[in-house]
Amino acid sequence: MNSQSVKLEDIIVASHVLKDVVHHTPLQKNFILSEKYNCNVYLKREDLQVVRSFKIRGAYHLMRSLTEDQLSKGVVCASAGNHAQGLAYSCKALQVQGKIFMPTTTPRQKISQVKLFGGTYVEVILIGDTFDDSLKEAVRCSEREGMQFVHPFDHLKVIAGQGTVGLELMNDMREQVDYVFAGIGGGGLAAGVGTYVKGISPTTKFIGVEATGAPSMQQSIEQGEIITLGEIDKFVDGTAVKRVGELTYEICQKVVDDIIVVPEGKVCTTILELYNENAIVAEPAGALTITALDFYREQIAGKNVVCIISGGNNDIDRMQEIKERSLIYEGLKHYFTVEFPQRSGALREFLDEVLGPNDDITRFEYTKKTSKENGPALVGIELKSKEDYEPLIERMVNKGIKYVEINKNPHLFNLLI
């Protein structure tokens, strides 16, 4: 490899290095999604990878390129979860000691899997609120202890390893590939897959997908330089990075045709639909590409489309939050602070005369515990259809009820919900 780019032959070599370690994951036509979007949708199932994500490809490929002397000193990495699992698996397979820095916000399921895959060969250190916080500590540890740093995305060996996802899907696809959708966090997957796809099929449109709360690659490309986001939404933890890589930025500028930014709530709806309709367990980052299809519906009609499901490491403890975010995004869940008239029977009137026949109260609590009659109540209402929202508001207004809709007030929402 040269110092600035990954070539097709680098990805081909990487595939030979990885062939006995990673699964050649299936490329499956999804008939439900194909009918929904009037096209041929194929899913590249990296959620079925040996560590339930593509990240093992880059981690193992980089580690295999290190010298015996480098490996003897151990390796260190930073990760929001999937890269950590890939490194942990590689450490055990190669019998190399590793230190893994992860944000304190990492889902427990991912932390448990890291320890399971790495066993006695890895030490997990939880530090900071974001991936970027953990990255700083991991780099300091690498410099201080002389351990080799295994970057989760900004290294040519890692990019080439991730590019093998593209090699597999292009080899497995019998038809002309019109569109490939890939999630973007730091950019390693997009840079690697985009390089291979564009290298052998220049007419294929390669589309990157980011979450609304962390559009670091989109904003960097728009501004013509790498920018660091001030604040990010960490919900889509697999792609929640404030700053993309130097190498990945340069490559993505060349190979990515467009970047779609999708709302976290819409991603949650996709996760639930994939599970309920297809029995596919996708983590938030893994569901990004399917979510993007709604925003590309007209362009992909009648085309052959490949979506990479990048990972399936979803913590069951997060499912309630995922359902909640989905309902709010779809306009089916609304929170209010309601000031009930200070007289007997006011609550009963609200239930009988304000709530619709299909509306359901899912949360009710007084905001003042010791003087309930002097404070508003927090009320959560779930609707059967989003069209029921306006009639609900109209009935509250007609009854003269004083209310504040918390969904429309981010500060209050984060404080109370």
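Keep in mind that this is a model prediction, so the values were computed, not measured.

Visitor: Is there a simple way to explain the overall build of the chain in this structure?
Guide: Regarding its fold elements, the chain presents 18 helices and 14 strands. Compactness check: the chain gives a C-alpha radius of gyration of 24 Å against a globular reference of 22 Å for 417 residues, within 12% of the reference. Once the C-alpha set of the chain is aligned to its principal axes, its extents read approximately 80 × 50 × 40 Å. When burial is assessed residue by residue, the chain has 55% of its 417 residues classed as buried. By sequence separation, contacts in the chain at least 24 residues apart represent 74% of the contacts at least 6 residues apart. Here the chain displays about 18200 Å² of accessible surface, and carbon together with sulfur accounts for 48% of that area. Each charge sign in the chain was given a centre, from 46 positive and 55 negative side chains, and these centres are 3 Å apart.

Visitor: Is there a simple way to think about helix H3 (residues 55–64) in this case?
Guide: Residues that lie three or four places apart on an α-helix share one face, since the helix turns once every 3.6 residues. Taking burial as the measure, the 10 residues of H3 include nine buried ones, the bulk of the element. Burial in H3 covers these residues: Lys55, Ile56, Arg57, Gly58, Ala59, Tyr60, His61, Leu62 and Met63.

Visitor: Teacher, can you tell me more about the pattern of salt bridges here?
Guide: Working definition: two side chains of opposite charge can pair if their charged atoms are close together. One pass over the full model with this rule turns up 27 salt bridges. Between Asp359 and Arg395 there is a salt bridge, with its nearest N and O atoms 3.4 Å apart. Separated by 36 residues along the polypeptide, Asp359 in the loop between helix H16 (346–354) and strand S12 (360–366) and Arg395 in helix H17 (residues 389–398) bring together distant segments of the chain. Between Arg363 and Glu365 there is a salt bridge, with its nearest N and O atoms 2.8 Å apart. Salt bridges sharing partners connect three or more residues here, namely Lys44, Glu46, Arg57 and Glu168.

Visitor: Sorry, what's going on with the environment of Lys323 here?
Guide: Structurally, Lys323 can be placed in helix H15 (residues 319–329). The spacing of Lys323 and Thr269 is 54 residues in sequence and 7.5 Å in space, taken between C-alpha atoms.

Visitor: Looking at this structure, how should I read unusual backbone geometry?
Guide: Most of the time, phi is negative for any residue but glycine, and the peptide bond is trans. Positive phi values are uncommon outside glycine, yet Arg52 reaches one of about 60°. For Arg52, the location among the structural elements is in the loop between strand S2 (40–45) and H3. Overall, the relative accessible area of 28% leaves Arg52 in the partly exposed class. For Gln95, which is not glycine, the phi torsion reads 55° and is therefore positive. With respect to the helices and strands, Gln95 occurs in the loop between helix H5 (82–94) and strand S4 (98–102).

Visitor: Would you explain the side chain of Glu46 in this entry?
Guide: Assignment of secondary structure puts Glu46 in the loop between S2 and H3. Not counting chain neighbours up to four residues away, the residues in contact with Glu46 comprise Thr25, Arg52, Ser53, Phe54, Arg57, Val165, Glu168, Ile308, Ile309 and Ser310.

Visitor: Help me understand the side chain of Lys266 in this model?
Guide: Within the element layout of this structure, Lys266 appears in helix H12 (residues 264–278). Exposure remark for Lys266: the relative accessible area of 14% places this residue in the buried category. Setting aside chain neighbours within four positions, we find Lys266 in contact with Thr291, Asp294, Phe295, Tyr329 and Glu330.

Visitor: Hey, could you run me through the sheet that holds strand S1 (residues 27–29) in this one?
Guide: Sheet strands pair via backbone hydrogen bonds, and the direction of the pair is either parallel or antiparallel. Strand order in the open sheet made by the six strands is S1-S2-S10-S7-S8-S9, with mixed pairing throughout. Edge positions in the sheet fall to S1 and strand S9 (258–262), since each of these pairs with one other strand and no more. On average, adjacent strands in this sheet sit at an angle of 25° to one another, irrespective of strand direction. The pairing of strand S7 (residues 179–183) with strand S10 (residues 304–309) spans three bridges and is classified as parallel. Residue pairing across strands places Val180 opposite Val306, the latter belonging to S10. This element, helix H10 (residues 216–223), spans strand S8 (205–211) and S9 of the sheet and lies at about 135° to S9.

Visitor: Got a minute to help me understand a nonpolar patch on the surface in this structure?
Guide: Nonpolar side chains collect at one region of the surface, where Leu347, Leu351 and Phe364 lie side by side and expose about 200 Å² of accessible area between them. As for its position among the elements, Phe364 is in strand S12. Judged by relative accessible area, which is 31%, Phe364 ranks as partly exposed.

Visitor: What am I meant to see in the pairing of S7 here?
Guide: Put simply, side chains in a regular strand alternate between the two faces of the sheet. In terms of burial, S7 is largely enclosed, as five of its five residues are buried. Side chains Tyr179, Phe181 and Gly183 of S7 all project onto a buried face; the interleaved residues Val180 and Ala182 project onto the opposite face, where all are buried too. Strand direction decides the pairing type here: S7 and S8, joined by five bridges, are parallel. Within S8, the position partnered with Phe181 by the bridge is Ile207.

Visitor: Can you help me understand the environment of Ser72 in this one?
Guide: Along the polypeptide, Ser72 turns up in helix H4 (residues 68–72). Taking the relative accessible area as the measure of exposure, Ser72 reaches 57% and is therefore exposed. Linking Ser72 and Gln97, residues 25 residues apart in sequence, is a C-alpha distance of 7.9 Å.

Visitor: Is there a simple way to think about the pairing of strand S13 (residues 377–382) in this case?
Guide: Judged by how many residues are buried, S13 sits mostly within the fold: five of six residues are covered. Taken together, the six bridges between strand S11 (residues 333–339) and S13 define a ladder with antiparallel strand orientation. Along S13, the bridge assignment pairs Thr337 with Leu378.

Visitor: What is the right way to read empty space enclosed by the protein from this model?
Guide: In this approach, a probe sized like a water molecule rolls over the atoms, and the result shows the empty space that is left. Under the counting rule described, the total for this entry stands at four cavities of 30 Å³ or more. Looking at the largest cavity, its volume works out to about 330 Å³. Around the largest cavity, the lining is made up of 28 residues, and of these Phe54, Lys55, Gly185, Gly238 and Thr239 lie nearest the centre. Broken down by secondary-structure element, the contributors of at least two residues to the lining of the largest cavity are H5 and helix H9 (188–200). Among the elements that line the lining of the largest cavity, the one with the most residues is H9, at three residues. Grouping the constituent residues of the lining of the largest cavity by class yields 12 nonpolar, 13 polar and three charged. For the second largest cavity, the calculated volume is near 90 Å³. Surrounding the second largest cavity, Ala80, Pro103, Thr105, Thr106, Pro107, Asp129, Thr130, Phe131, Lys234, Asp237 and Ala240 form its lining.

About the thresholds
Residues numbered from 1 in each chain as written. Predicted model: local features only at pLDDT ≥ 70, side-chain atom pairs only at ≥ 80, totals over all residues. Heavy atoms only, no water. Helix = DSSP H or I, 4+ residues; strand = E, 2+ residues; numbered from the N terminus. Rg over C-alpha atoms; globule rule 2.2 N^0.38 Å. Buried < 20%, exposed > 50% of the residue type's maximum accessible area, 1.4 Å probe, protein only. Contact = heavy atoms within 4.5 Å. Areas by Shrake-Rupley, 256 points an atom, 1.4 Å probe, with all protein chains shown as cover. Lys, Arg positive; Asp, Glu negative; His and termini not counted. Charge placed at Lys NZ, Arg CZ, Asp CG, Glu CD. Salt bridge = Lys/Arg side-chain N within 4 Å of Asp/Glu carboxyl O. Pairing = 2+ DSSP bridges. Axes fitted to C-alpha atoms, helices over the stretch in contact; angles between N-to-C directions. Patch = residues over 30% accessible without salt bridge, like charges linked within 9 Å, V, L, I, M, F, W, Y side chains within 5 Å. 1 Å grid on protein atoms, 1.4 Å probe; cavity = no way out; pocket = protein on both sides within 12 Å on 5 of 7 lines; lining within 4 Å. Points joined across faces, edges and corners; volume = space filled by probe spheres on them. Nonpolar A, V, L, I, M, F, W, Y, C, P; charged D, E, K, R; others polar.

Geometric descriptors of this kind do not, in isolation, establish any biological role.
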